[in-house]
Structure formats: structure tokens, C-alpha cells
Amino acid sequence: MEIARVNTCVSLPISDDEVFVDSMLGWLVRWLRMLGVRVIYSPNFSDNELLNVNHLLVTKDRELFRKRSRLSLLLSTPRHVEWLSVLSLVLGFPLMLNMEKSLCPICGSGLVRVSRDSVIGKVPSSVLLRNNEFWLCTGCGKVYWVGSHHARINKELEVARGVLGTLSTSCIGNNLLIIRE
């Protein structure tokens with residue numbers, strides 16, 4: 001079953017230093033950033049703005065995909081975990097969370113490791129008691145740590161890795177189809 005397609009037959013992974021994601025895929029943007037992918041995103045992007053960007057465009061909008069002559073990836077599955085698997089295949093990044101490579105899921109800026117003392121007053125005291133490692137976003141200033149939500153994140157990534165193993169590609173009609181067997 002086809003779950004995605006690229007608008008040209010290309011070798012994978014695609015090498016691109018940043019990816020544009022249309023406004024329909026905010027969930028995906030946060031996950032890609034956590035996985036270290038540089039994503040350009042605005043909920044206000046118009047189709048006309050996205051038609052000519054000179055980077056890979058990820059979209060669910062069939063009409064935008066059809067109109068666009070530059071490199072594009074159409075996600076045709078509604079399953080979020082399959083989105084992660086497809087992007088891992090297309091861009092070649094591992095489906096593993098690494099805080100040293102993660103970007104801020106909110107603004108996309110880099111994260112720097114900071115001391116516990118530097119986040120006093122910025123996180124709940126219970127978080128300070130349970131955690132030794134913290135990261136600060138260099139853009140928006142949000143503080144991150146490896147909390148209980150990481151178990152859910154890692155479980156989702158484990159499922160995505162399983163899906164990744166079931167994906168194959170086929171070049172048909174100058175489109176690279178991504179198929180889940």
C-alpha cells in the first residue's frame with residue numbers, strides 16, 4: 001500500500017540541510033525537530049509561498065504537491081507513526097532521540113546543556129529534585145529535561161522503527177512511491 005511519494009525518482013536518502021513542512025503537519029514538525037532535523041514551518045505559509053522554496057517540501061496537500069515542480073514529498077497516510085518512518089527513510093536520520101542533536105520542538109533553535117543551578121525558578125522544584133541534566137533553547141529560552149514523557153516518545157519511535165523495516169520504494173511514472181508491505 002502506498003503511504004507517500006516523492007515527485008521525482010531520486011536516490012534515498014535525500015541530502016538537504018533543511019526541510020519545509022506545510023501548515024497541515026505541525027505534529028510532524030515537533031517530532032522532526034526533536035530528532036534533530038532542521039525544519040522551516042509556519043502555520044501561516046500559503047501555497048504560493050511554498051511553491052518555489054528551494055528545499056524539500058513535505059505536505060499532505062495533493063493539489064500543492066501536483067503544482068510544485070521542485071522536490072516534494074506527499075504523505076498520503078493519516079498515521080503519524082508512518083510519517084516518522086517515511087521521513088527517516090527519505091532523509092536518512094535515525095529514529096532515536098539524542099538530546100545532544102535535538103532542536104527545540106517549538107522554535108527549531110539549538111539546545112545547549114545547562115547546569116541545574118541555571119534553571120532554578122524556570123522549572124518546577126519537583127523536576128529539579130528528579131533530574132540532573134537540563135537543556136536550554138538558544139532561541140525561545142524553553143528548558144528541557146528527560147522526563148517521564150520520554151518513555152512515551154521512545155515507545156512511539158520504537159513503533160516507527162518497526163514500520164521503517166516494512167517500507168520499500170518503487171519508481172513509477174517519474175514518482176518515487178513509498179510502499180508499506
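This text goes with the structure placed above it.
So, how was this worked out
- Each chain carries its own residue numbering, running from 1 in the written order of its sequence.
- Per-residue local features of the predicted model are confined to residues with pLDDT of at least 70, and side-chain atom pairs are confined, for both listing and counting, to 80 or more; whole-chain, interface and lining totals are unaffected and use all residues.
- Side-chain numbers come from the whole structure's heavy atoms, not from hydrogens or water.
- Any two rings among Phe, Tyr and Trp, with Trp reduced to its six-membered ring, count as a pair given centres within 6.5 Å; such a pair is stacked if its planes are under 30 degrees apart, edge-to-face if over 60, and tilted if neither.
- Secondary structure counts use DSSP, requiring at least four H or I residues in a row for a helix and at least two E residues in a row for a strand, with both numbered from the N terminus.
- For each residue, the accessible area found with a 1.4 Å probe, counting protein chains only, is set against the maximum for its type, and the residue is called buried under 20%, exposed over 50%, and partly exposed in between.
- Lysine and arginine charges are scored as sitting over a ring when NZ or CZ, respectively, is within 6 Å of the ring centre and within 35 degrees of the ring normal.
- At least two bridges found by DSSP between two strands is the condition for calling them paired.
- Should any heavy atoms of two residues lie within 4.5 Å, those residues are counted as being in contact.

S.K.: Looking at this model, I keep getting lost on the packing of aromatic side chains. Mind explaining?
M.R.: Aromatic rings in a pair are described by how distant their centres are and how their planes are angled relative to each other. Inspection of every chain in the model, using the stated rule, returns four aromatic pairs. Aromatic side chains Phe20 and Phe45 sit 5.9 Å apart centroid to centroid with 35° between the ring planes, which places their arrangement in the tilted category. Residue Phe20 is found in strand 2 (residues 19–21), and its partner Phe45 is found in the loop between strand 3 (39–41) and helix 2 (47–51); the two are separated by 25 residues along the sequence. In terms of burial, Phe20 and Phe45 fall into one category: buried. Ring pairing ties together the aromatic residues Trp27, Trp31 and Trp83, which thus form one cluster. Geometry around Tyr144 places Lys142 over its ring, the cationic atom sitting 5.4 Å from the centre.

S.K.: Help me out: how do you make sense of the sheet that holds strand 7 (residues 134–137) in this one?
M.R.: Picture the strands of a sheet paired through backbone hydrogen bonds; they go either parallel or antiparallel. Taking strand neighbours across the sheet as the criterion, the three strands line up as 6-7-8 in an open arrangement whose pairing is antiparallel. The two strands at the open ends of the sheet, each matched to only one other strand, are strand 6 (111–114) and strand 8 (143–144). Of the pairings in the sheet, the one linking strand 6 to strand 7 comprises four bridges and is antiparallel in character. Bridge pairing in strand 7 links Val114 to Phe134.

S.K.: Before we go on, may I ask you to explain the environment of Ser76 in this structure?
M.R.: With respect to the helices and strands, the residue Ser76 is situated in the loop between strand 5 (72–75) and helix 4 (80–91). The exposure class assigned to Ser76 is partly exposed, which follows from its relative accessible area of 26%. It is 7.5 Å that separates the C-alpha atoms of Ser76 and Glu2, two residues lying 74 residues apart in sequence. Excluding its chain neighbours within four sequence positions, the residues that come into contact with Ser76 are Glu2, Ile3, Ala4 and Arg62.

S.K.: Got a minute to help me understand the pairing of strand 10 (residues 175–180) in this structure?
M.R.: The pairing of strand 1 (residues 2–6) with strand 10 spans four bridges and is antiparallel. Bridge assignment links Glu2 to a residue of strand 10, and that residue is Ile179. Where strand 9 (residues 167–172) meets strand 10, six bridges bridge the pair, whose relative direction is antiparallel. When the sheet's bridge partners are listed, Ser170 is paired in strand 10 with Leu177. A loop of two residues connects strand 9 with strand 10, the two strands running antiparallel in sequence, and Gly173 in this loop sits at a positive phi of about 60°.

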